[in-house]
Amino acid sequence: MSSNRQAAAVSPWRAPILFAILALLFVMEGTMRNAMFSGSWNTALGILNMGLISAITAMGVNMQWGYAGLFNVGVVGFLALGGLAPVLIALPPVEGAWSAGGSRLLIALAVGLGTLALAAQAWKRLSSGRGLAVTAILLAGFVLYRWLFDPAATAIEANNPARYGNLGGLGLPVLLSWAVGGLFAAAAAWAVGKVALGLRSDYLAIATLGIGEIIVAMLRNEDWLARGVKNVSSIPRPVPYEIDLQQNPDFVDFAGRWGFAAAEASGIWVKLCYMSLFLVVLLLVILLAELALKSPWGRMMRAIRDNETAAEAMGKDVTARHLQIFVIGSAVIGIAGAMMITLDGLMAPTGYNPLRYTFLIWVMVIVGGSGNNWGAALGAVLIWFLWIKAEVWGPALIGALTAPLPDGALKAHLLDSAAHMRFIAMGLLLLLVLRFAPRGLVPEK
Amino acid sequence: MDILNAIVAILNFVVIPAAAYGAQLALGALGVTLIYGILRFSNFAHGDTMAFGTAITILVTWALQAAGIGLGPLPTALLALPVGIAATAVLVLLTDRAVYRFYRVQKAAPIILVMASVGVMFVMNGLTRLVIGVNEQQFADGARFVIDVRSFREMTGLAEGLALKTTQLLTVVIAALVVWALFWFLNRTKSGKAMRAYSDNEDLALLSGIDPEKVVRLTWIIAASLATIAGVLYGLDKAFRPFNYFQILLPIFAAAIVGGLGNPLGAIAGGFLVAFSEVAITYPWLKIAGYLAPGWQPEGLLQLLGTEYKFAVSFVILIVVLLFRPTGLFRGKSV
C-alpha cells in the first residue's frame, strides 16, 4: 500500500477546480431544463443534501480506510444503527408502552449485557473449569433474558399496533439524536473491533459484513424498537415545515420578491435549512479530522498504516490504535445515519441495501481520494450526483445505443435493464480508479 | 414418550434440510478456501459468481425445457450445468486477467485484492441482473419428492410424516461426488499436487519449477465450477433470487473460517457445522418436545432464535472461532 501513497507533485489547483466543476454541475441541474438536467432547484438541492450526508459517511469510512487501512464492509449497519437514534430520542413517548413492559424490557437488556460481561470476566479470572462456568453463565443468562424479554416485547407490540406498537422516543430535540446515533454506532463498532481487530486483515471485513446484516435484520424484525417493516414516520424536524411556510404571509411575500411561487420556495427554503445544518456538521468533522491528522496522533496513525511492523517495534500498540480509529470512524457513520433519517422524516428499514449504503460509499472514498478528507467529500457528492443522474442518463444512453437495432425482444430487454447498468458502471469505476489512479481524484498530501 | 415420532420429526425438519444446506455451504466454502489458499485473499465476489453461474444455467435450462429435452425424474438443470460452469470459468478467468493479476504481480497487500473483489462483485451483480433480472426464478423440474409425507405415513404407520425432496438428495449426492473428485485431484494428480505445494509455500513451489500462472488459472476454474454447482443446487433447493446469493456470503465465509481458511477439509466440516447450528437454533422445538415429554406444555415455541436472524448464527460461530481459535478448527493459514 505504501507504494501507492508516495507524494507526487499534484497541482494545488486540482481540488478547487474539481469542486468548481461539481458546483457547476449543481447549478446546471438547478437552472437548465433539458434531456440531461431537471432545471429544478428543489431537485438539485435534494441531491446535494443526500450528497452531503454521503460525504459525512464517506468521512467516517475514510478515517478507517485512509488513516488506518481498515476495511469496513458493514457501513450499512452502522448507518442503520445511527438512524435508530432519531426514533428513540426525538419521537414523543408512546402512551401506555412504558407501562406495558418498558421497564421489564430494559431490565432484560441489562441482564443480556450483564451476562456477556459476567461470562467475559469469568473467562478471564477463573483458571480451571472456566469453559464449563462460562457455558453455565451464558445458558442461565439466556433463559433469564428470554423470560424477561419475550412478554415485555409482546406487550409493547400489542399496545395500539395499528399506530404504534413500539416503545416510542423520549421527546427530546432531534438534533441531540445525531450525537446519540454516533454513540450507538460507536458502541457496536467497539464490540466488533474488540473481537476482529488484531487478527488478519480480512477478518474485520468479514465480521463487519456480518454485523451489518444483523443490525439491518434487527431493525426489520424488532417491532417494539422502531416498528420494524411497518416503518416510523413523522419524525420531528429541526427545520420548519413547508406547509407552515406557505401559510406565513411574510414568507410568501419574501418568495414573491425573488420571483418564486410559494410552494416551490418553501421546498427550497427547507432544503437550504437542511443544507446549512449538514454543511456545519461536515465542516466540523473535516476540521476536527484535519487537526487530528496534523497532531502527533495523526502522524502515529499514518506511521502504523504505512508500516505496522515498524510502528509496533517503536512501541506503538497497533491493535488499540486500530480499535480507536475504527470506533471514531463508525461514530461518524452513525451520525450520518441519524442525519439521513432526520432528512427523510421516515425510518424504513427495508431501504437499507448494502450495495447502496456500503459499497457505493466505498466507491465514493476510493474515487475521491482515500486518506484525504476533502477528496472523500468531493468523491461522495460527485458519485452521489452521478448515481442519481445515471437513472436518467442510463436509459437515454441505452436508447441512443440501441436505436439502430431492429425492434424485438433483445432491444426491449436491453432497454429494461438499463437500471442495472448503474451497478456495472460503479463497479468498473471502482476497479479502474483502484488500478490506474489508486490515490483518487484529490490525492493525500 | 414417543421416540420414533420424535426421531422422524427431527429427521424431517432438522437433519435433512440442514444436510442439504450444509452441502451447499460446503461447496461454496471450498471455493472461498481454495482462492484463499492459492491467491491469498477473501473473495467477496464469490456469492455473485455463484449467482452468475446459476443465472446462465437457468437460461440454458429454460432453452432445454422449451426444446423438450429433459432428464425424466431429475431436474433439467443438471444438463445445463456444464454450460453454466464453462461460462462462469470464462468470466472469472477474464476477471483474473483484467483485475487480479495486476495486483498479484505487484504483490499488493491482501486488503487491496479484497477491495478489488468488491469491485468485481459490483460488476458481476450488475451482469447477473442484466442477464436474468432481480426477481425470483423457479427452474426446478422433474420429480419433486423421493419420499413424500403421505406415502411415508402409509408405509410406516407413524403419525409424523417425512419428506425427502429430490433436490435435497441430489444436493448431498452431487456434493459428495464433487468433494471426492476434488480430493482425488488435489492428492493424486500432478496439477493438484502443484496447487497444494503452491498453497503451502509459494517460493519453494516456484523453485521446483511450478508455473504460478497455471496454478492460478486452475484454481479459478475449480472455484468457478464449485461456485456454479453450489449456486445451482442452492437455487434448485430454495429458489433463485440474486440478492440471496449476496446474503449467503456470510455463512460461506463463516464456514471457511471455522474450518480454517485455506484448508479444504475444514471448509466441508465448517459448512455442515454452520448449517446444522443455523437450522437447529432457528427451528421451533415445540413439536418434538411434545413427543418426548407429553405432559410438559411450555409457553413459547421453544425456538432459540427467529428464522429472520439465521445469519446471526453464522456470525456468532464466526466470533467464537475468532476469539478462541483464529486459525480455525483445522488449522488454516495464519497470514
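What you see is a predicted model; the values in this text were computed from it and never measured.

1. What about the overall build of chain B?
- Of the regular secondary structure elements, chain B holds 14 helices and 2 strands.
- Radius of gyration (C-alpha) of chain B: 21 Å, near the 20 Å computed for a compact globule of 335 residues.
- Principal-axis analysis of the C-alpha atoms places the extent of chain B at approximately 70 × 55 × 35 Å.
- In chain B, which comprises 335 residues, the proportion classed as buried is 48%.

2. Overview of the overall build of chain A
- Summing up its helical and strand segments, chain A has 18 helices and 0 strands in all.
- On C-alpha atoms alone, chain A measures out to a radius of gyration of 24 Å, which is about the 22 Å that the 2.2 N^0.38 rule sets for 445 residues.
- With respect to the principal axes defined by its C-alpha atoms, chain A has extents near 75 × 60 × 55 Å.
- For chain A, buried positions account for 45% of its 445 residues.
- Partitioning the intrachain contacts of chain A with sequence separation of at least 6 by distance along the chain shows that 80% fall at a separation of at least 24.

3. Brief notes about the nonpolar core
- Of all hydrophobic cores here, the largest spans 237 residues; its most connected members are Ile56 and Met339 of chain A.
- Considering every element that reaches this core, the biggest residue donor is helix H1 (residues 3–39) of chain B, with 20 residues.
- Split by domain, this core shows at least three residues from each of two domains, domain 1 (11–93 + 168–436) and domain 2 (94–167) of chain A.
- With residues up to four places along the chain from it excluded, the contact list for Met339 of chain A reads Ile53, Ile56, Trp178, Phe278 and Val281 of chain A.

4. Things to note about helix H7 (residues 201–221) of chain A
- Taking 1.5 Å per residue, 21 residues should reach 30 Å; H7 of chain A reaches 31 Å between its end C-alpha atoms and fits that length.
- The element H7 of chain A is largely enclosed, with a buried count of 18 among its 21 residues.

5. Description of the interface of chain B and chain A
- Contacts between the two partners involve 40 residues from chain B, matched on the other side by 37 residues from chain A.
- Elements supplying a minimum of two residues to the side of chain B that touches chain A: helix H3 (77–106), helix H4 (110–132), helix H11 (249–259) and helix H14 (310–324) of chain B.
- Here the element with the most residues in the side of chain B that touches chain A is H4 of chain B; it accounts for 16 residues.
- Of the residues that constitute the side of chain B that touches chain A, the class distribution is 30 nonpolar, 8 polar and 2 charged.

6. Describing the packing of helix H2 (residues 41–67) of chain A against helix H14 (residues 318–344) of chain A
Residue and element names in this part refer to chain A.
- Contact pair H2 / H14: the axes reach a minimum separation of 8 Å and the direction vectors enclose 170°. By the criterion of interaxial angle, the relationship of H2 to H14 is roughly antiparallel. Contacts between H2 and H14 involve Asn49, Ile53, Ile56, Thr57, Met59, Gly60, Val61, Met63, Gln64 and Tyr67 from the first element and Ile325, Phe326, Ile328, Gly329, Ser330, Val332, Ile333, Ile335, Ala336, Met339, Met340 and Leu343 from the second.
- Each residue belonging to the contact of H2 with H14 can be placed in one class, and the counts come to 16 nonpolar, 6 polar and no charged.

7. Remarks on the domain arrangement of chain A
Residue and element names in this part refer to chain A.
- We note that the domain assignment places domain 1 (11–93 + 168–436) and domain 2 (94–167) within chain A.
- For domain 1 versus domain 2, the separation of C-alpha centres amounts to 33 Å.
- With 8 residues of domain 1 at the interface, the matching set in domain 2 holds 10 residues.
- Here the side of domain 1 that touches domain 2 is composed, by residue class, of 5 nonpolar, 1 polar and 2 charged.

8. Some points on unusual backbone geometry
- The backbone of Ser234 of chain A shows a phi angle near 50°, a positive value even though the residue is not glycine.
- Among the structural elements, Ser234 of chain A can be located in the loop between helix H8 (223–226) and helix H9 (242–247).
- In this model, Lys107 of chain B sits at a positive phi of 55°, which is unusual for a non-glycine residue.
- With respect to the helices, strands and loops of the structure, Lys107 of chain B is situated in the loop between H3 and H4.

9. Brief notes about H3 of chain B
Residues and elements named next belong to chain B.
- For H3, built from 30 residues, the straight-helix expectation of 44 Å at 1.5 Å per residue is met to within 8% by its first-to-last C-alpha distance of 41 Å.
- If you look at H3, its biggest bend is around 50°, right at Tyr100.
- Once H3 ends, the next one or two residues include Lys107, with phi positive near 55°.

10. A few points about the environment of Leu118 of chain A
All names here are of chain A.
- Positionally, Leu118 belongs in helix H4 (residues 97–125).
- Given 17 C-beta atoms within 10 Å, Leu118 falls into the partly exposed group.
- Each C-alpha atom, one on Leu118 and one on Gly141, is 9.5 Å from the other, the two residues being 23 residues apart in sequence.

11. Overview of the packing of helix H16 (residues 373–402) of chain A against helix H17 (residues 409–416) of chain A
Residue and element names in this part refer to chain A.
- Contact geometry of H16 with H17 gives a least axis separation of 9 Å together with a crossing angle of 160°. As judged from the angle between their axes, H16 and H17 are roughly antiparallel. In this structure, the crossing between H16 and H17 has a hand that is right-handed. Contact with H16, carried on its side by Pro395, Ile398, Gly399 and Thr402, involves Lys411, Leu414 and Leu415 of H17 and no other residues of that element.

12. Some points on the environment of Lys271 of chain A
Residues and elements named next belong to chain A.
- With respect to the helices, strands and loops of the structure, Lys271 is situated in helix H11 (residues 262–294).
- Residue classification places Lys271 among the buried positions, given that 22 C-beta atoms sit within 10 Å.
- Residues Lys271 and Asn49, spaced 222 residues apart in sequence, show a C-alpha to C-alpha distance of 7.4 Å.

13. Points about the confidence of the model for chain A
Residue and element names in this part refer to chain A.
- Mean pLDDT for chain A: 86, with 98% of residues reaching 70 or above.
- Across chain A, H14 holds the top mean pLDDT of 93, while H17 sits lowest at 74.
- Between residues 1–7, whose pLDDT stays under 50, and residues either more than four places distant or in other chains, the model counts 12 contacts.

14. So, the environment of Val363 of chain A
- Mapped onto the elements of the fold, Val363 of chain A is located in helix H15 (residues 354–368).
- Excluding residues that lie within four positions of it along the chain, Val363 of chain A makes contacts with Ile383, Met426, Leu429 and Leu430 of chain A.

About the criteria used
Residues numbered from 1 in each chain as written. Chains lettered and ligands numbered in written order. Predicted model: local features only at pLDDT ≥ 70, side-chain atom pairs only at ≥ 80, totals over all residues. Helix = DSSP H or I, 4+ residues; strand = E, 2+ residues; numbered from the N terminus. Rg over C-alpha atoms; globule rule 2.2 N^0.38 Å. Buried ≥ 20, exposed ≤ 12 C-beta atoms within 10 Å, placed from the backbone. Contact = placed C-beta atoms within 7 Å. Core = buried A, V, L, I, M, F, W, Y, C linked by C-beta atoms within 7 Å. Domains from an automatic or database assignment. Expected span 1.5 Å × (residues − 1). Nonpolar A, V, L, I, M, F, W, Y, C, P; charged D, E, K, R; others polar. Axes fitted to C-alpha atoms, helices over the stretch in contact; angles between N-to-C directions. Parallel < 35°, antiparallel > 145°, perpendicular 65-115°, else oblique. Bend = angle between axes of the 7 residues up to and from the residue. Left-handed = near helix turned anticlockwise from the far one by under 90°. pLDDT = per-residue confidence, 0-100.

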